[in-house]
Amino acid sequence: MVYENPDGVKIGLEIHVQLNKLNTKLFCGCSTDYHNAEPNTHVCPVCLGLPGSLPVLNRKAVEFALKVGLALNCDIVEQTQFHRKNYYYPDLPKGFQTTQYDFPIAGHGKVIIDGEDGERIIRITRAHMEEDPGKLMHMGSIEKSKGTLINYNRSGMTLIEIVTEPDMRSPKEARRFLDKLRSILEYLDVFNGDLEGAMRVDANVSVMGGDRVEVKNISSHKGVEKAALYEIMRQKNFIRRGDKVVMETRHFDEARGVTLSMRTKEEEHDYRYFPEPDLVPMRVADWVPGVQKTLPELPDAKRDRFMREYRIADMHAKALTSDIKVADFYEHVALRVCPGAAAVWVADILKGELNYRDIGVHAFKVEDMIEIIELVIGNKITERSGVEIIRTILDNGGTPKTIVKEKGLIKVEEDIIIKAVTETLEENPEALQDYLDGKEKSLNFLVGQVMKKTAGRSDAKTTRKMLLERINKLPQK
Amino acid sequence: MSGWANISQVKEKITQGSAEDITTSYLKRIKKSKINAYTTVWEGAAEKAREIDEQGHNGSLAGIPIAIKDNISTKGISTTCSSKILQGYVPPYDAHVIERLKDAGAIILGKTNMDEFAMGTSTESSCYGPTLNPWDMERVSGGSSGGSAAAVAAGEAPIALGSDTGGSVRCPAAFCGVVGLKPTYGTISRYGLISYASSLEQIGPLATCVADIAALMDVIGGYDARDSTSVKTETVYKDALVDNVSDLKIGVPAEYFGAGIDPAVESAVWDAIQLFEELGASWEQVSLPHTPYALAACYIIAMSEASSNLARFDGTRYGYRKEGENWHVMASRTRAEGFGAEVKRRILLGTYALSAGYHDKYYLKALRVRTLVKRDFDLALKEFDCLMTPTMPVPAFKLGEKVDDPLALYLADVNTVPINLAGVPSISLPCGYTDGLPIGLQIIGKHFDEATVLRAAYSFEQNTEHHTRRPVEVV
């Protein structure tokens, strides 16, 4: 099946990623651990842009950026070169942003995603380093605000801006790309996507060969999908009415799910880029082989290995490797119990329960998962009980052992079931007769009655088997 | 006491009396002064001196008072760049050089007047009014470090720090008859120096003699990790103070004796070169062919960088603020009222030079010229140990004489700006007088070869009396 892309949708993304796993900011020694801190406490003369302060490039930040560049299959520049992007805004304490311009640290890369019709290559135009500005807090809505407060804790955080070619043909592909990117970044251990403001996206959307419209500063993957859907609809309506889409910048109102015009191309800034005279170039070409060696196994490679090593299905392997934490969890489980069963339990059941509660895999112990799977495989408990144990642990805590005990989940001994079967047949002679007369449904009724007597502790399959055995042994009337 | 004293004389007085006495006498002198050298006098100076007395004078500059140009950040002491826009700004941190000075036991007397944001050649663009030349109070003190040079010349401080972006240490040194050094780019950390043109400027010492310049360099020079353009050097500047130029090969660039040069300046400089010859040095004429383009290139680069460096002064975080109905109006009004005419002119020209469509024509072309000018120096200094020129083509001009003619003012920098483009070290020292006004000799050296420059200057000083002459008017 080939995806036709009937509306000629082209989406390109510009993603600002905060390399928030760094300990210090891009150009100063301030701590990056500001998310729960009082405003303006993680600042110094450098990130406040005080007169006379000078930037010093964080080597670790460059190393992180190189990791990202290499993981996105990019070429790496010979030496770092920073430029000043000049514009006035209160969150920008120097009146310019130190960024990279014609020599981005990485470029010409690619990422493979699950597209509309199978694997699709999204080309990476470039990835460049820059500093994050501070954060404005409007007192009330942006239009009616009485005043604005500025928090410079974020000022000087390391960003890497990743720019793609317009290779995505649907909002779904855009979202898939972002999911994949986040997955890669977390594999690299340079990024924590859970932190506020960790990833901000600008989406360039065009339809039917028209001009592109840029939707600025979208803060979630879902938001990007929604904004792109809205834009496609808006632009199609525009064209249908005989109008021409003009190049402009729009803002996404997440609450209302619409995009609103910010400025047209004529109003674009002239940023007067020029080389940052306060930083000297840092030669990084020689670092590349070393950094390459430190790169971890990335999602695609891990997926292939899981399929090969654990003989699990592509679907399971994908589900298990999209999040590094889930992948690690699975591997720990798969080393101790049957990898196939482990894949089902982790990918299908545990992940579902975690998603439902919106919590991460860290909330569940590997040991507990192993114990549950062993109990099920050992035929000690039913699958349903296994699920119940997972739910109980997630909701109320406890261990599989105590929960099994408290809830009496251990499968009853066969003789208890046999006893229940005997009782059931004695108590329901009509149903038994109906079955013997050919009414298959009556057997289901009997199975239900047995299970009721054992309080659901024996599973339907076993119960059915044992009932039939007993019926077959009955003297024919 | 009389104000004029060099470091060793002040040290002697400290041993006889105390650092507190010395500091107090300087403060008194500053208070009586008519030349407007200081923008801020530090009220804690005498107490600090007493502390040094109590601690027993440790450090190479223990108890030595010093004046600091008002664009070098001093923790707890107002730092305004002589601009209205920085009124009320008190830095929460010390510049690297200030940390070093404090460690060495120096006493900060106060902050000195300058052209606003170091943009000028006469200290007339200061929001505090001009600093008068101690030799003739109707004349300018030079700029932009006019306050520092005049303070030293008038005995209001034995030593001072200035900054030099296109001649801002050497010009006032020449006009005020003191010694001033612009070190090699990267020798002294710029951390805490409020930037005007980052790629051109260096902090530089001013003093009454070459030995004091070396003493200051030994304190403030050296690597600082907070300035990425800072370079590790091993120079011990004091070791350069040797009275011997017998092996010295001097280049004399013809381009620096061009049209507009005052005949008295020209002959004083030739006299100096002749003296070097008598002391055993040799000299030859040399050509620096790209000199005519250096001035324009330097100003384009300086203004471009300034347009960006000065963008942070928007009234949001510190300094002067003029309220408005929204942030953009507030920032615009703050800048309109806070900056003086010359600063605005340079910000506008720099903004223009970096604008789309003009960037290649001005900024990039200026960078190319810079490379050529640098190559001129590299070639000339391969052949010669140092170059000698007049620092300024003319002696100090009259107050107000050029204030309405910015181009004439820029032209006065013609002999100093190429040095900043090349990044090489250069010193100005007194080499004569005309109508009672000092004349400066400029000695230019190789990158990081301050030693040769200092040796030449020291030898000259040892064999002449020019540096011992004092202005009488301000006594």
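Participant: So what's going on with helix α12 (residues 360–383) of chain B? Residues and values would help.
Facilitator: Taking 1.5 Å of rise per residue, the 24 residues of α12(B) would be expected to cover 34 Å, and the 34 Å separating its terminal C-alpha atoms lies within 8% of that figure. Taken together, the buried positions of α12(B) are Y363(B), A366(B), V369(B), R370(B), V373(B), D376(B), F377(B), A380(B) and L381(B).

Participant: Please set out the packing of helix α9 (residues 366–377) of chain A against helix α10 (residues 383–396) of chain A residue by residue, giving values where relevant.
Facilitator: Residue and element names in this part refer to chain A. Two elements in contact, α9 and α10, have axes separated by 9 Å at closest approach and are oriented at 160°. The angle between α9 and α10 places the two elements in the roughly antiparallel class. Where α9 crosses over α10, the handedness of that crossing is right-handed. On α10, the residues that touch D368, M369, I372 and V376 of α9 are E383, G386, I389, I390 and I393. Tallied by class, the residues present in the contact of α9 with α10 amount to six nonpolar, one polar and two charged.

Participant: I'd like to hear about the environment of C176(B), residue by residue, with values.
Facilitator: Residue and element names in this part refer to chain B. With respect to the element layout, C176 can be found in helix α6 (residues 170–176). For C176 and P134, which are 42 residues apart along the polypeptide, the C-alpha to C-alpha distance reads 6.9 Å. When residues no more than four places from it in sequence are discounted, the contact partners of C176 are N133, P134, W135, S141, A149, A150, A153 and P438.

Participant: Just give me the short version of the pattern of salt bridges, but keep the residues and values in it.
Facilitator: In the structure shown here, the tally under the stated rule is 63 salt bridges over all chains. Among the salt bridges present, the one from R345(B) reaches E342(B), with a minimum N-O distance of 2.9 Å. Linking R345(B) with E342(B), this pair stays in helix α11 (residues 341–354), spanning three residues, or about one helical turn. In this structure R345(B) comes out as partly exposed when scored by relative accessible area, which is 32%. A salt bridge links D385(B) to K446(B), with the shortest nitrogen-to-oxygen separation between them at 3.9 Å. With D385(B) in the loop between α12 and β11 (386–390) and K446(B) in the loop between β13 (437–445) and α15 (450–462), the pair connects residues that are 61 residues apart, well separated along the chain. Overall, K446(B) belongs to the partly exposed group, its relative accessible area being 29%. Through salt bridges with shared partners, a single network forms among R84(A), E276(A), D278(A), R190(B) and D227(B).

Participant: Quick rundown of the packing of aromatic side chains? Include the residues and the values.
Facilitator: Taken as a whole and assessed by the stated rule, the structure comprises 24 aromatic pairs over all chains. Aromatic side chains Y87(A) and Y271(A) sit 5.7 Å apart centroid to centroid with 70° between the ring planes, which places their arrangement in the edge-to-face category. Within this pair, whereas Y87(A) is found in the loop between β3 (83–86) and β4 (96–99), its partner Y271(A) is found in the loop between β13 (258–264) and β14 (274–275), the two being separated by 184 residues in sequence. Both rings, one in F117(B) and one in F339(B), keep their centres 5.8 Å apart while their planes meet at 70°; by these two values the pair is edge-to-face. Of this pair, F117(B) sits in the loop between β3 (107–112) and β4 (132–133) while F339(B) sits in the loop between α10 (327–338) and α11, and the two are 222 residues apart along the sequence. Sitting over the face of the ring of F238(A), R234(A) holds its NZ or CZ atom 5.8 Å from the ring centroid.

Participant: Lay out helix α13 (residues 429–436) of chain A with the relevant residues and their values.
Facilitator: Residue and element names in this part refer to chain A. Every buried residue belonging to α13 is among A431, L432 and Y435, and all of these are buried. With its buried residues spanning 100° around the axis, α13 presents them on a single face. G438 lies just past α13 and shows a positive phi near 105°.

Participant: Explain the pairing of strand β1 (residues 10–18) of chain A residue by residue, including any values.
Facilitator: Residue and element names in this part refer to chain A. A large share of β1 lies buried, amounting to eight of its nine residues. One ladder, built from eight bridges, connects β1 with strand β10 (residues 199–206); its direction is antiparallel. Across the sheet, residue E14 finds its bridge partner in β10, namely D202. Strand direction decides the pairing type here: β1 and strand β9 (residues 158–164), joined by five bridges, are antiparallel.

Participant: Hey, could you go over the environment of G423(B) for me, with residue numbers and the actual values?
Facilitator: All names here are of chain B. Mapped onto the elements of the fold, G423 is located in the loop between α14 (417–422) and β12 (426–434). Judged by its relative accessible area of 7%, G423 is buried. Once residues within four sequence positions are removed from consideration, G423 is found in contact with K182, T184, Y185 and H447.

Participant: Can you explain unusual backbone geometry? Please cite residues and give values.
Facilitator: Omega for the peptide link from G143(B) to S144(B) comes to 10°, which places this bond in the cis form. Structurally, S144(B) is set in the loop between β5 (136–140) and α5 (146–153). Positive phi, normally seen in glycine, also occurs at H108(A), with a value near 55°. On the secondary structure map, H108(A) appears in strand β5 (residues 106–115). On the basis of relative accessibility, which here comes to 63%, the residue H108(A) falls in the exposed class. For T123(B), which is not glycine, the phi torsion reads 60° and is therefore positive. Relative to the helices and strands, T123(B) is located in the loop between β3 and β4.

What counts and what doesn't
Residues numbered from 1 in each chain as written. Chains lettered and ligands numbered in written order. Predicted model: local features only at pLDDT ≥ 70, side-chain atom pairs only at ≥ 80, totals over all residues. Heavy atoms only, no water. Helix = DSSP H or I, 4+ residues; strand = E, 2+ residues; numbered from the N terminus. Expected span 1.5 Å × (residues − 1). Buried < 20%, exposed > 50% of the residue type's maximum accessible area, 1.4 Å probe, protein only. Axes fitted to C-alpha atoms, helices over the stretch in contact; angles between N-to-C directions. Parallel < 35°, antiparallel > 145°, perpendicular 65-115°, else oblique. Left-handed = near helix turned anticlockwise from the far one by under 90°. Contact = heavy atoms within 4.5 Å. Nonpolar A, V, L, I, M, F, W, Y, C, P; charged D, E, K, R; others polar. Salt bridge = Lys/Arg side-chain N within 4 Å of Asp/Glu carboxyl O. Phe/Tyr/Trp six-rings, centres within 6.5 Å; stacked < 30°, edge-to-face > 60°. Lys NZ or Arg CZ within 6 Å of the ring centre and 35° of its normal. Arc of directions from axis to C-beta. Pairing = 2+ DSSP bridges.

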